[in-house]
Structures are given as C-alpha cells and as structure tokens.
Amino acid sequence: MSLTGNWSYPTTMKFGAGRIKELPAACAQAGIKRPLLVTDKGLANLPVTQATLDIMEAADLGRAIFSEVDPNPNEINLAAGVAAYKAGDHDGVIAFGGGSGLDLGKMVAFMAGQTRPVWDYEDVGDWWTRANSDAIAPIIAVPTTAGTGSEVGRASVITNSVTHVKKIIFHPKVLPAVVICDPELTVGMPKFITAGTGLDAFAHCVEAFSSPHYHPMSQGIALEGMRLVINYLPRAYSDGTDIEARAQMMSAAAMGATAFQKGLGAIHAMSHPIGAVFNTHHGTTNAVCMPAVLDLNADVIAERFDRATGYLGISGGFDGFRSFVQEFNDSLGIPRHLSDLGVTAEAIPDLVAGAITDPSCGGNPVTLTEENLTALFHAAL
Ligand SMILES: [Zn+2]
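Here is what the cut-offs are and how they apply
- Residues numbered from 1 in each chain as written.
- Predicted model: local features only at pLDDT ≥ 70, side-chain atom pairs only at ≥ 80, totals over all residues.
- Heavy atoms only, no water.
- Donors = N, O, S within 2.8 Å, 3.2 Å for Na, K, Ca; no water.
- Tetrahedral: all angles 85-135°; square planar, octahedral: opposite > 155°, others 65-115°.
- Domains from an automatic or database assignment.
- Contact = heavy atoms within 4.5 Å.
- Buried area = accessible area lost by both parts, 1.4 Å probe.
- Pairing = 2+ DSSP bridges.
- Helix = DSSP H or I, 4+ residues; strand = E, 2+ residues; numbered from the N terminus.
- Axes fitted to C-alpha atoms, helices over the stretch in contact; angles between N-to-C directions.
- UniProt positions renumbered as here; feature names shortened; annotations may be inferred.
- Salt bridge = Lys/Arg side-chain N within 4 Å of Asp/Glu carboxyl O.
- Buried < 20%, exposed > 50% of the residue type's maximum accessible area, 1.4 Å probe, protein only.

Student: Lay out the coordination of the zinc ion with the relevant residues and their values.
Tutor: Of the protein atoms, only D200 (OD), H204 (NE2), H268 (NE2) and H282 (NE2) coordinate the zinc ion, at distances of 2.1 to 2.2 Å. Taken together, the 4 donor atoms coordinating the zinc ion and their angles of 85 to 169° define a geometry best described as irregular.

Shown next as structure tokens:
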C-alpha cells in the first residue's frame, strides 16, 4: 500500500514521502509569492531545511528564513519574527519544524497585521473575534517531527517570557491553508525525540479518547491514532529510516491534534506547568505522567478501554492497557519518575496551582481538584 494521499480535512493536506517538492505548488495554492520560512534555531542549518530553501529558490520564491525561535517560543521571538516579516515585505509564512517552529510561524502570520498585544487573543471565550481576520497572512505548515500535530491546529502555544506561563493563542484562520506531510523530513530525528514526540501524539489520542465530551468523530480518530502509535512507534524508534513507520507516525500526530478538539486532560494539565518551570521535553513529560493519570481515571474510563483494547491488540481490557503503557514507556527509554526529569517535591504546590488553571483540566474524566492533583504529582514524582 502506498502511504500517499491528498486529503481535504481538517485542511488541505499533501501527504507522502518526497512531497516537499510540491512546496512551490502549495505556495501558489495559498496565494504566496514571497514566503518567509519560520523555523527554530536547531533546525536552521540542518540539510533538511537548506534543501527546502533550495526548492523555494529554484521556484523564484526566494530563500528567506527566520529562525530566532526558542524551544518554548515567547513574545520576544514573535516580535522579532513579525519585524522580519514586515522588513522582507513577505506575503505569507511557511511554518517549518517541530512544535516551536510551527507554532511561532503560525503566530507571525497571525500577528503581522494585528494592532493589539498577542495576549489579547488568548483562547478565552470569544477573544479571537478581537482580531482583524482579513489581515491574517496565509500559512503553509511543514512538520519535521511527528508528535505535536500543530500543523492541523488552530492555535499556538506562546510562553510569556516574564511570567513563564504558557498561553494558548487561538484563531480559526490560524489553521494552515496547506500542509505538506513528508515523512522523509523526519528521518533525522534522534531516538529520544522520536520517542518523546511520538508519545505526545499518543497522549493526545489517549486523552481525547478518555474525555467525557460528546464527539464521536474525534473518538474514532483517537482510537485509530492510538493503534498507529502502538504499531509503528517502536519501528520508527529502532530504525529511524523506516519510511513506512515514519509515515504512519506522521499520520498519528495529525490525528492526535484533530482528535483533541474533544478535550485533553490531566496529563497535559500536569505537563504544561512542569515544562514551563523545569523546561522538560513536552512529550517525554506526558509519557511519564500517563500511568498515574490512567490510575486516577480508571473507574470512569475502564469500560471504553475494555472495548478499545481488542482493536488495539492488547489483552486484558483496561488493566492490560495500563500495564502495556508502562512497558511501552520502558521500551522507548522513558524514565519512570518526574524526579528523573529534575522535578522536585518542593515545586508541587506551584505545579498544582499551574495545573488547576490550565485549560486542559476541563477535559479530564475525573474532576480535578487541588487534592487529587497534589496526589497525582506525588504519584508521578
Ligand atoms: Zn501535547
């Protein structure tokens, strides 16, 4: 089976190995003649990025790049990106990379034409209607990892450099107009990034599948997303050049982000403040938190996982799934405890305070309180 497709939802997607060659066609489709490629510092000089700039240049699209993007992009990176966008008289953005490059690229296109500070567009109520939507530049997204799924998302996470709090900035038109998913771009990922990002996709699917909100479409996407991660992440981890495994993981990443419209839960509510305080890898942190969260939610989600495990090829229903998750983490080199990531017991009150105000809280099947969150952090520590 050829793992290639032209998909129309959640947006226009060109999926398949080698399809980065179609970047000029994607620019034409999105109405972009003078693109600015936005990526992070780590990726800027890698061959995969330079080859993409070569493709742009050969098609008379220039080779403009902005890469002053930190691993947790903040408003300073954003202001510099918008300045570069305006100085270069660009008319659209190619958001290129893992979560940071994709998120910041989307925000540069969004903020280039706005007049209010970015925090005024936080994902609260209808704040997004404050934006001038006609001024949002077109966006093409090109993921180079398989985890975040930000390429199919309508929001970006921007860290406030003063308060160190991560804010979600939302607008429907931040959804990229065209996405190129080329699994060949992900073969250079080191093992621990393959594991961490892949398990982020897994956490998106597990939390969406567990969320109590009514959304059967997301439920189905989350279930198949879990199956793809379970079957293909071990292959991508052991042989990074396995293109079939890389392609299936790239699908799973986009599916996780599509599914979590239904809601995220305690894993992300814990992981966001941990990442903001201790600068840990997001997906790795999620993976460490998952077993404790499954224990907390067990009574409410057991029945739906009893049904799912047959399809996932796991015996023993929910209990089997719970044991599987621990073995899966172990096999992918994920540490067992948050303390292994540098998290300290003294920080728990602050982490609880951050978790309880995190927007992911509302999607957890068991209502989160200061009490059960404190117990969760201690269990995961
Ligand atoms: Zn995540």
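Student: Mind laying out the domain arrangement of the protein chain, listing which residues take part and the relevant values?
Tutor: For the protein chain, the assigned domains read domain 1 (12-186) and domain 2 (191-380). Each of domain 1 and domain 2 has a C-alpha centre, and the two are 26 Å apart. Contacts between the two partners involve 20 residues from domain 1 and, on the opposite side, 20 residues from domain 2. Summed over both sides, the interface between domain 1 and domain 2 buries roughly 1,600 Å², with carbon and sulfur atoms accounting for 67% of that surface.

Student: Account for the sheet that holds strand β6 (residues 139-143), with residues named and values stated.
Tutor: With respect to topology, 7 strands assemble into an open sheet ordered β1-β2-β9-β6-β5-β3-β4, the strand pairing being mixed. Either end of the sheet is taken by a strand with one partner, and the two such strands are β1 (5-7) and β4 (65-66). Note that β6 and strand β9 (residues 178-181) share 2 bridges and pair parallel. Counterpart to I140 in the pairing with β9 is V178. Packed on one face of the sheet, helix α3 (residues 47-58) meets β3 (35-38), β4 and β5 (92-97) and runs near 175° to β3. Most of the contacts of helix α5 (residues 99-111) go to β5, to which it runs at about 170°, and overall it touches β3, β4, β5 and β6.

Student: An account of the UniProt feature "domain: Alcohol dehydrogenase iron-type/glycerol dehydrogenase GldA" (unreviewed entry) in the protein chain is requested, with residue identities and associated values reported.
Tutor: Here the UniProt feature "domain: Alcohol dehydrogenase iron-type/glycerol dehydrogenase GldA" (unreviewed entry) sits at residues 10-183. Secondary structure within residues 10-183 divides into 29% helix and 20% strand; the distance between the first and last C-alpha atoms comes to 19 Å.

Student: Quick one: what's the story with the pattern of salt bridges, residue by residue and with numbers?
Tutor: Under the criterion given, the structure shown has 12 salt bridges. Note that D70 is salt-bridged to K41, the shortest N-O span being 2.7 Å. Linking D70 in the loop between β4 and α4 (75-87) with K41 in helix α2 (residues 41-44), this pair joins segments that are 29 residues apart in sequence. With a relative accessible area of 42%, K41 lands in the partly exposed category. Taken together, the salt bridges that share partners define one network made up of D54, E57 and R63.

Student: Tell me about unusual backbone geometry, and please be specific about residues and values.
Tutor: For the peptide bond that leads from Y9 to P10, omega is 0°, which places it in the cis range. With respect to the element layout, P10 can be found in the loop between β1 and β2 (12-15). Notably, N279 is not glycine yet its phi reads approximately 55°, a positive angle. Within the element layout of this structure, N279 appears in the loop between α9 (266-278) and α10 (282-312).

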